[in-house]
Amino acid sequence: METWLSSRAPGGRLSTKSRAVIHVLHTKPRTASYGGAAEVAQLAGTTVATVTRTAQTLGFDGWPALQQELRARYLSSLSAPQVAAEHGTLTDAPAAASLRRDVDDLAVLSRSTDPATVAAVARAVAGARRTLVIASGSYAGVGTALAHNAGLAGYDVQLHDGASASMVNALASVGPQDVVVTISFWRLYTSAVRAAQAAAQRGATVCSLTDSASGPLAAAADHVLLVPAEGVSFFPSLTPALAVVQAVCAELATIDPARTRASVEAADGLWDAFGLLDRAPRRP
């Protein structure tokens, strides 16, 4: 952690006070992840302004952005039982606590997401020969939404479970005309990391949905959509990731309206032919 933080400083140069801040972030990861800037400043023997300047020197907009990255790295170092213990026992209205956390995460997402990056991901998918979405476990739910909606918009987007042989076979044929989207948070799936690295080596455009700007998924990607994913229990929240996917698909649907309209109309006709939708009139 200390090496990573120090390496982000331009030319490796940091003031004595900033080094004191970094020492606190390194030696007290929980405080850095959940405490306020004032608490970090007190432990470092400096001021809140210095904590803010240190975060900016390290390439972040300010303390909240740096803390989000630190928290993602801290949680990724914990096991599922440890994460559950970190969040405490939810004996009082756990459902309400989960909903509040998702609302808070969406607020962070709204402030931190760059619309230009969302648009760049959509343009990459629109211009690709095909797009492979790599997602495993519960993250496959996010991947399903992306593949389904992008496919409905008229683009060749295929979801692959990271544990399947078909994913490896599909990756073997990707090239510069293709896009690979990896989706993984918290303790990253090895399959997602290897897929991103393999796709990059083959010249494909790599887009990653992840919660850490310094993790291996981000390192291998051309476009990174950072998503807060902390939940209230031992599993990550998928709500922010789904919101980002919806945003990408909304952009995608506007790139070539004629193509999307033709695709939707064709699909709608087949839905009727296959009897997939309940078209019965609703009672008043």
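Quick note: structure is the one above.
Procedures and definitions
Residues numbered from 1 in each chain as written. Predicted model: local features only at pLDDT ≥ 70, side-chain atom pairs only at ≥ 80, totals over all residues. Heavy atoms only, no water. Helix = DSSP H or I, 4+ residues; strand = E, 2+ residues; numbered from the N terminus. Buried < 20%, exposed > 50% of the residue type's maximum accessible area, 1.4 Å probe, protein only. Contact = heavy atoms within 4.5 Å. Areas by Shrake-Rupley, 256 points an atom, 1.4 Å probe, with all protein chains shown as cover. Lys, Arg positive; Asp, Glu negative; His and termini not counted. Charge placed at Lys NZ, Arg CZ, Asp CG, Glu CD. Core = buried A, V, L, I, M, F, W, Y, C linked by side-chain atoms within 4.5 Å. Pairing = 2+ DSSP bridges. Salt bridge = Lys/Arg side-chain N within 4 Å of Asp/Glu carboxyl O. Axes fitted to C-alpha atoms, helices over the stretch in contact; angles between N-to-C directions. Expected span 1.5 Å × (residues − 1).

Trainee: Can you lay out the overall build of the chain for me, pointing to particular residues and giving the numbers?
Mentor: For the chain, the count of helices and strands is 15 helices and five strands. C-alpha extents for the chain along the principal axes are approximately 70 × 50 × 35 Å. Sorting the 284 residues of the chain into buried and exposed places 44% on the buried side. Of all intrachain contacts in the chain linking residues separated by at least 6 positions in sequence, the fraction that spans at least 24 positions is 72%. As displayed, the chain offers around 14100 Å² of accessible surface, 56% of which is attributable to carbon and sulfur atoms. Mean positive and mean negative side-chain charge positions of the chain (23 and 22 charges, respectively) differ by 6 Å.

Trainee: Explain the environment of Ala199 to me, and be specific about the residues and the numbers.
Mentor: Of note, Ala199 is situated in helix α12 (residues 190-201). Measuring from C-alpha to C-alpha, the distance between Ala199 and Thr3 comes to 28 Å, with 196 residues separating the pair along the chain. Once you skip the residues sitting within four places of it in the chain, Ala199 turns out to touch Leu171, Val174, Val180, Ala204 and Val206.

Trainee: Mind laying out the nonpolar core, listing which residues take part and the relevant values?
Mentor: Nonpolar side chains tend toward joint burial in soluble globular proteins. One finds Val181, Ile183, Phe185, Leu209 and Val248 to be the most contacted residues of the largest nonpolar core, which totals 39 residues. Of all elements in the fold, only α6 (63-76), α9 (115-127), β1 (131-135), α10 (139-152), β3 (179-183), β4 (205-210) and α14 (239-255) reach the threshold of two or more residues within this core. Residues within four places of Val181 in sequence aside, it is in contact with Thr131, Leu132, Val133, Ile134, Leu146, Cys207 and Leu209. By size, the runner-up hydrophobic cluster in this structure holds 20 residues, among which are Trp4, Leu25, Ala32 and Ala44.

Trainee: Lay out the pairing of β3 in plain terms, naming residues and giving numbers.
Mentor: Most of β3 is tucked away, with five of its five residues classed as buried. Alternating residues of β3 divide into Val179, Val181 and Ile183 and Val180 and Thr182, and every residue in both groups is buried. The pairing of β1 with β3 spans five bridges and is classified as parallel. Looking across to β3, one finds that Val133 is bridged to Val181. Of the pairings in the sheet, the one linking β3 to β4 comprises five bridges and is parallel in character. Note that in β4 the partner of Thr182 across the bridge is Ser208.

Trainee: Requested: an account of the side chain of Ser233, with residues and values cited.
Mentor: As for its position among the elements, Ser233 is in the loop between β5 (223-226) and α14. Apart from the residues lying within four places of it in its own chain, the contact partners of Ser233 are Val83, Ala84 and His87.

Trainee: Please set out the pattern of salt bridges residue by residue, giving values where relevant.
Mentor: Overall, the coordinates contain four salt bridges when judged by the stated rule. The residue Arg71 makes a salt bridge to Glu230 at a minimum N-O spacing of 3.2 Å. Of the two residues, Arg71 is situated in helix α6 and Glu230 in the loop between β5 and α14; the sequence distance between them amounts to 159 residues. Take Arg71: its relative accessible area is 24%, and that puts it in the partly exposed class. According to the relative accessible area criterion, Glu230 is buried, its value standing at 10%.

Trainee: Give a description of the sheet that holds β5 that names residues and reports values.
Mentor: In spatial order, the strands read β2-β1-β3-β4-β5; together these five strands make up an open sheet with parallel pairing. At either margin of the open sheet sits one strand with a lone partner, and together these are β2 (157-160) and β5. Direction aside, neighbouring strands of the sheet carry axes that sit 15 degrees apart on average. The strands touched by α9 within the sheet are β1, β2, β3, β4 and β5, with β5 carrying the most contacts at an inclination of about 130 degrees.

Trainee: Hey, could you go over α12 for me, with residue numbers and the actual values?
Mentor: The end-to-end C-alpha separation of α12 is 16 Å, in line with the 16 Å expected for twelve residues at 1.5 Å each. Those residues of α12 lying buried are Ser191, Ala192, Val193, Ala195, Ala196, Ala198 and Ala199. One or two steps after α12, the chain reaches Gly203, where phi turns positive at roughly 85 degrees.

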